[in-house]
Amino acid sequence: MTRIVSILFIIEMIGAIVVAKLLKGFVGGYEFDLLLIAISISLILTGLGRLSIEWNILRRELFPRGRR
């Protein structure tokens, strides 16, 4: 579920930038939000893998990346 939550989080951060922080500028405004978006994109691309709760409980990934 990491990838799904990351996508939703990116949408939320874009909304926060547009609504509240865009007029403040990059420094002191939305630079931290862009960092969180970058981290979420990396989680979408890689997933958590064996560190996730999903792997420990189900012993598999719900949305596998492909064959290894």
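Residues numbered from 1 in each chain as written. Predicted model: local features only at pLDDT ≥ 70, side-chain atom pairs only at ≥ 80, totals over all residues. Heavy atoms only, no water.

**Q** How should the overall build of the protein chain be read in this particular structure?
**A** Counting secondary structure elements, the protein chain contains three helices and zero strands. Order of helices (α) and strands (β) in the protein chain, N terminus to C terminus: α-α-α. The proportion of buried residues among the 68 residues of the protein chain is 24%. For the protein chain, the exposed area adds up to about 5400 Å²; of that, 71% sits on carbon and sulfur atoms. (Helix = DSSP H or I, 4+ residues; strand = E, 2+ residues; numbered from the N terminus. Buried < 20%, exposed > 50% of the residue type's maximum accessible area, 1.4 Å probe, protein only. Areas by Shrake-Rupley, 256 points an atom, 1.4 Å probe, with all protein chains shown as cover.)

**Q** What is the right way to read the nonpolar core from this model?
**A** For soluble globular proteins, nonpolar side chains are generally found buried alongside one another. With six residues, the main nonpolar core is built from I10, M13, I17, Y30, L36 and I37. Secondary-structure elements contributing two or more residues to this core are α1 (2–21) and α2 (26–46). Not counting residues within four places of it along the chain, the set of residues in contact with I10 comprises I37, S40, I41 and I44. (Core = buried A, V, L, I, M, F, W, Y, C linked by side-chain atoms within 4.5 Å. Contact = heavy atoms within 4.5 Å.)

**Q** What's the story with the packing of α1 against α2 in this structure? I'm lost.
**A** Relative orientation and spacing of two packed helices are given, respectively, by the angle between their axes and the distance between those axes. In the contact formed by α1 and α2, the axes pass within 9 Å of each other and the chain directions differ by 160°. On the basis of their axis angle, the class for α1 and α2 is roughly antiparallel. Of the two possible hands of crossing, α1 and α2 adopt the one that is left-handed. Contacts between α1 and α2 pair T2, R3, S6, I7, F9, I10, M13, I14, I17 and K21 from the former with G29, Y30, D33, L34, L36, I37, S40, I41, L43, I44, L45 and T46 from the latter. Residues of the contact of α1 with α2, tallied by class, amount to 14 nonpolar, five polar and three charged. (Axes fitted to C-alpha atoms, helices over the stretch in contact; angles between N-to-C directions. Parallel < 35°, antiparallel > 145°, perpendicular 65-115°, else oblique. Left-handed = near helix turned anticlockwise from the far one by under 90°. Nonpolar A, V, L, I, M, F, W, Y, C, P; charged D, E, K, R; others polar.)

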